[in-house]
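A closer look at the structure
For reference, the chains in residue letters:
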Amino acid sequence: METQPASILCKLVLRASTRRWLFLILLAISMIFSGCLSATPTITPGPLTTPTPSPLPTATPTPQPLGHPTNPLIFGVVAFEDQPGVAESATRLAEQLTEKTGLSVQSLPVDTYQALLKGLGARKVHIAWLPPLTYLFASQHGLARAALLTSHFGVYLYGTQFLANASSGFTLYFDPVRGVNLADASVALSQFDGRRPCWVDYTSASGYLVPAGLLALHGIHTTEPAFTRSHAGVVRSLYVQGICDFGATFSISGDPRTSSAVLNDLPDALQRIPILWRSDPIIPNVNLSLITGLPESTEKQLVDAFLEIASSPEGLALLSSSAGEYQIEALKPIDDPLYDPLREVLDAL
């Protein structure tokens, strides 16, 4: 359609010879341009708007590494009501750790091991003394890793021993002079099948869990047990007879038959209550555990600091008081597989 007015215009130009035709041509041109102009869209300005500025990005603070003054390492200790000095000792120990490592360490006293485990699970506790069964729970759930083991009464690990009254008719499979067993567990413990044991309590590693686990490991079944609530109570029950047929107590780290609680009343307990069989030392003492996921450099700094503190009598006294008056005589580095023999026995239960 746009070429049709231009074609007419050309014809008119060629044929125009008079002013009349010139006037018509000029009129046509004015119409064409007026039509073009009228076809041009009219832009009506709208209301003025203010553009909304884009929000500027905010800086996200980078968390400081553990050991920084704003993100200290927390040394958790269990302080029971009858141990008022534990919290104070833990504070002094944390101060020494800070001084020796250059890391910020603070102490946190709690009143139960359940609270301590909760702190490890929430990653609000990073260092702790843990007994063997508590550590196994923490390890199983990936909360902590054993770093150092304590020497207690001259040993790092202890075991359990099976006892009975000398008149009970059981066979002795332990030589007290040489301190060795005379038969394997499967043979020595089979004589307890169908008999009644005396255990300490449900939470005792050497007085219930390990001996009962050893029996279960070898398929030996006993009758309903009696719980005496103490290792000395097991010895006393066997001495008077009629309560149980055999029992178990801790061994290697000591012997409850020689304790004053027993010998004061039963001076012939060693002769009347002999050892029938004794386990290997498979129960580790209290350990120092570190939360999983710590940088290796941080772990090394902490381990080196604890070993340095343990190198002096004053340091050992501070470590012992921070562990609830648990007598610590030395520390040594360990790895988690040390607990595998204990795990095997407990798994049998």
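See above for the structure.
Every chain is numbered on its own, with residues counted from 1 as its sequence reads. Where local features are concerned, this predicted model is filtered to residues with pLDDT of at least 70; where side-chain atom pairs are given and counted, the filter is 80 or more; whole-chain, interface and lining totals use all residues. Side-chain descriptors were evaluated using all non-hydrogen atoms of the structure, hydrogens and water having been removed beforehand.

A closer look at the overall build of the protein chain
Applied cut-off: In this text, helices come from DSSP runs of H or I with a minimum length of four residues, and strands from runs of E with a minimum of two, each type numbered from the N-terminal end. Only protein chains enter the accessibility calculation, which uses a 1.4 Å probe; a residue is then buried when its area is under 20% of its type maximum, exposed when over 50%, and partly exposed in between.
Helices and strands together make up the secondary structure of the protein chain, namely 13 helices and 14 strands. Counting across all 349 residues of the protein chain, residues that qualify as buried make up 43%.

Some remarks on the nonpolar core
Applied cut-off: Residues grouped as a nonpolar core are buried Ala, Val, Leu, Ile, Met, Phe, Trp, Tyr and Cys residues, joined through side-chain atoms within 4.5 Å. By the convention used here, residues are in contact when the closest approach between their heavy atoms is within 4.5 Å.
Residues Phe162, Leu189, Phe192, Leu215 and Phe246 are the most contacted members of the largest nonpolar core, which totals 45 residues. With seven residues, helix α7 (residues 205-217) is the largest single contributor of residues to this core. If sequence neighbours within four positions are ignored, leucine 189 has contacts with Phe162, Leu214, Leu215, Ile220 and Trp277.

Describing the environment of leucine 342
Its place among the elements puts leucine 342 in helix α13 (residues 340-348). Separated by 206 residues in the primary sequence, leucine 342 and leucine 136 have C-alpha atoms spaced 9.2 Å apart. Leaving out residues up to four positions away in the same chain, leucine 342 has contacts with Pro132, Leu136, Val210, Ile282, Ile283 and Pro284.

Considering the packing of helix α3 (residues 85-101) against helix α11 (residues 296-309)
Rule in force here: Lines fitted to C-alpha atoms define the axes here, with helix axes fitted over just the stretch in contact, and angles between the N-to-C directions of these axes take values from 0 to 180 degrees. Handedness of a crossing follows from how the near helix is turned relative to the far one, being left-handed for an anticlockwise turn of less than a right angle and right-handed for a clockwise one.
The N-to-C vectors of α3 and α11 enclose an angle of 115 degrees; their axes lie 9 Å apart at closest approach. As α3 runs across α11, the sense of the crossing is right-handed. Listed contacts from α11 to Leu93, Gln96, Leu97, Lys100 and Thr101 of α3 are Gln301, Leu302, Ala305, Phe306, Glu308 and Ile309.

Focus: the sheet that holds strand β14 (residues 330-333)
Our working definition: Strands qualify as paired when DSSP identifies two bridges or more between them.
Strand order across the open sheet formed by six strands is β2-β1-β3-β13-β4-β14, with mixed pairing between neighbours. The strands lining the two open edges of the sheet, one partner per strand, are β2 (105-110) and β14. Between one strand axis and the next, the sheet turns through 30 degrees on average, direction left out of account. The strands that helix α4 (residues 113-121) touches are β1 (73-78), β2, β3 (127-130), β4 (144-151) and β13 (287-291); relative to β3, the one it contacts most, it runs at about 145 degrees.

Brief notes about the environment of glutamate 224
Relative to the assigned elements, glutamate 224 resides in the loop between α7 and β9 (226-227). Each C-alpha atom of the pair glutamate 224 and arginine 195 lies 8.7 Å from the other, and the pair is 29 residues apart in sequence. Once residues lying within four places of it in the same chain are set aside, the contact partners of glutamate 224 are Arg196 and Pro197.

Things to note about the pattern of salt bridges
Two side chains with opposite charge may pair up if their charged atoms get near one another. Convention followed: By salt bridge we mean one thing: a side-chain nitrogen of Lys or Arg within 4 Å of a carboxyl oxygen of Asp or Glu.
For the structure shown, the criterion picks out ten salt bridges. One salt bridge in this structure joins arginine 178 and aspartate 175, with 2.8 Å as the shortest N-O distance. With relative accessibility at 56%, the residue arginine 178 sits in the exposed group. A salt bridge links arginine 343 to aspartate 336; the shortest N-O distance between them is 2.8 Å. One salt-bridge network, in which partners are shared between bridges, spans Asp336, Asp340 and Arg343.

Looking at unusual backbone geometry
Phi is positive for arginine 123, which is not a glycine, with a value near 60 degrees. Relative to the assigned elements, arginine 123 resides in the loop between α4 and β3. Even without a glycine there, the phi angle at phenylalanine 153 is positive, about 55 degrees.

A short note on the state of the cysteines
Using the following cut-off: Throughout, a disulfide means two cysteine sulfur atoms within 2.5 Å of one another.
According to the stated counting rule, one finds one disulfide in the structure shown. A disulfide bridge connects cysteine 198 with cysteine 244, and the sulfur atoms are separated by 2.0 Å. Here the disulfide of cysteine 198 and cysteine 244 is left-handed, its torsion about the S-S bond being about -100 degrees. Pair noted here: cysteine 198 is in strand β8 (residues 197-199) and cysteine 244 is in the loop between α8 (231-240) and β10 (246-251), with a separation of 46 residues, a long-range link. Cysteine 244 shares its class with cysteine 198; the two are buried.

Focus on helix α12 (residues 313-322)
Burial within α12 is extensive, with seven of its ten residues counted as buried. Where α12 is buried, its residues touch β1, α3, β3, α11 and β14.

Remarks on the side chain of serine 279
Position of serine 279 among the secondary structure elements: in the loop between β11 (275-278) and β12 (283-284). Under the relative-accessibility criterion, serine 279 is labelled buried at 5%. Filtering out sequence-adjacent residues up to four positions away, serine 279 remains in contact with Gly159, Thr160, Leu214 and Ile252.

Remarks on the packing of aromatic side chains
To be explicit about the condition: Under the pairing criterion, centres of Phe, Tyr and Trp rings, with the six-membered ring standing for Trp, must be within 6.5 Å; the plane angle then separates stacked pairs below 30 degrees from edge-to-face pairs above 60, leaving the rest tilted. Charges are assigned to positions over rings by a cutoff of 6 Å between ring centre and Lys NZ or Arg CZ, combined with an angular limit of 35 degrees from the ring normal.
Overall, the coordinates contain 14 aromatic pairs when judged by the stated rule. Between tyrosine 202 and tyrosine 208, the ring centres sit 5.5 Å apart and the planes meet at 85 degrees, which makes this aromatic pair edge-to-face. Classification of tyrosine 208 as buried rests on a relative accessible area of 17%. A cation over an aromatic ring shows up here: arginine 272 above the ring of tyrosine 239, its NZ or CZ 4.4 Å from the ring centre. Looking at lysine 332, its charged tip hangs above the ring of tyrosine 156, at a distance of 4.4 Å from the centre.

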